[in-house]
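Examination of the molecular architecture
Take a look at the letters that make up each chain.
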Amino acid sequence: MMEKLNAIRDRVNNGKFNDTSEKLWYGADLLVRNQEAARTDKNLQTFVGFYGKTLVVTEHAHELSALLKQISDVSCESLGEGKYWFYTSIGDAANDYIRHSNDKDGLLKTVIDKAITLRQEMRRLE
């Protein structure tokens, strides 16, 4: 699994991650939206406010969603209940990055690096 995550990171770091997802990410307490979807989603305030889920709003929502899908394809089965901590931590890292920059490549690098760091932490705790 770490090999596959590292391969994804290599694609991101080398500027070769050009994937997009038509469907925006929603899973494991993390929701990704672009500005338009965030404005028109009537359930968004309930999702974030009432349920306390993590929301990432970025103009790179389709690219970020594609990256999260690939991370999920590689690591989903092994996460178990830790998936909520894993994905909300990734969302928090994405939001921290977005507060300082709107660069797509930097955002994707931040997310894949965080995913790898979290998987390494989880492996140490197993």
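Residues numbered from 1 in each chain as written. Predicted model: local features only at pLDDT ≥ 70, side-chain atom pairs only at ≥ 80, totals over all residues. Heavy atoms only, no water.

As a rule of thumb, nonpolar side chains are buried together in soluble globular proteins. If you look at the biggest cluster of nonpolar residues, it comprises 31 residues, and the most contacted ones within it are Leu67, Leu68, Ile71, Phe86, Tyr87 and Val111. The set of elements that each furnish at least two residues to this core consists of helix 1 (2-13), strand 2 (30-33), helix 4 (61-79), helix 5 (83-100) and helix 6 (104-125). In terms of residue count, the dominant contributor to this core is helix 6 (eight residues). When residues no more than four places from it in sequence are discounted, the contact partners of Leu67 are Ile8, Val12, Phe17, Leu108, Val111 and Ile112. (Core = buried A, V, L, I, M, F, W, Y, C linked by side-chain atoms within 4.5 Å. Buried < 20%, exposed > 50% of the residue type's maximum accessible area, 1.4 Å probe, protein only. Helix = DSSP H or I, 4+ residues; strand = E, 2+ residues; numbered from the N terminus. Contact = heavy atoms within 4.5 Å.)

It is the contact of helix 1 with helix 6, at a shortest axis distance of 9 Å, that shows an interaxial angle of 165 degrees. Between helix 1 and helix 6, the crossing angle belongs to the class labelled roughly antiparallel. As for the relative orientation of helix 1 and helix 6, their crossing is left-handed in sense. Judged by residue contacts, Met2, Leu5, Asn6, Ile8, Arg9, Val12 and Asn13 of helix 1 engage Asp105, Leu108, Lys109, Ile112, Asp113, Ile116, Arg119, Gln120 and Arg123 from helix 6. Residues that form the contact of helix 1 with helix 6 fall into these classes: seven nonpolar, three polar and six charged. (Axes fitted to C-alpha atoms, helices over the stretch in contact; angles between N-to-C directions. Parallel < 35°, antiparallel > 145°, perpendicular 65-115°, else oblique. Left-handed = near helix turned anticlockwise from the far one by under 90°. Nonpolar A, V, L, I, M, F, W, Y, C, P; charged D, E, K, R; others polar.)

The two faces of strand 2 match: Leu30 and Val32 on one face and Leu31 and Arg33 on the other face are all buried. In terms of strand pairing, strand 1 (residues 26-27) meets strand 2 through two bridges, oriented antiparallel. Looking across to strand 2, one finds that Gly27 is bridged to Leu30. Hairpin connection from strand 1 to strand 2: two residues lie between these consecutive antiparallel strands, with Ala28 at a positive phi of about 50 degrees. (Pairing = 2+ DSSP bridges.)

Moving on: the pattern of salt bridges. Pairs can form between side chains of opposite charge whenever their charged atoms are close. This structure, assessed with the given rule, holds five salt bridges. The salt bridge partner of Arg9 is Asp113, with a shortest N-O separation of 3.5 Å. Of the two residues, Arg9 is situated in helix 1 and Asp113 in helix 6; the sequence distance between them amounts to 104 residues. A residue is classified by how much of its surface remains accessible, and Asp113, at 30% relative accessible area, is partly exposed. We note a salt bridge from Asp73 to Lys69, for which the minimum N-O separation is 2.7 Å. With a gap of four residues between them, Asp73 and Lys69 both fall in helix 4, about one helical turn apart. Assessed through its relative accessible area of 52%, Asp73 is described here as exposed. Since its relative accessible area comes to 43%, Lys69 is described here as partly exposed. (Salt bridge = Lys/Arg side-chain N within 4 Å of Asp/Glu carboxyl O.)

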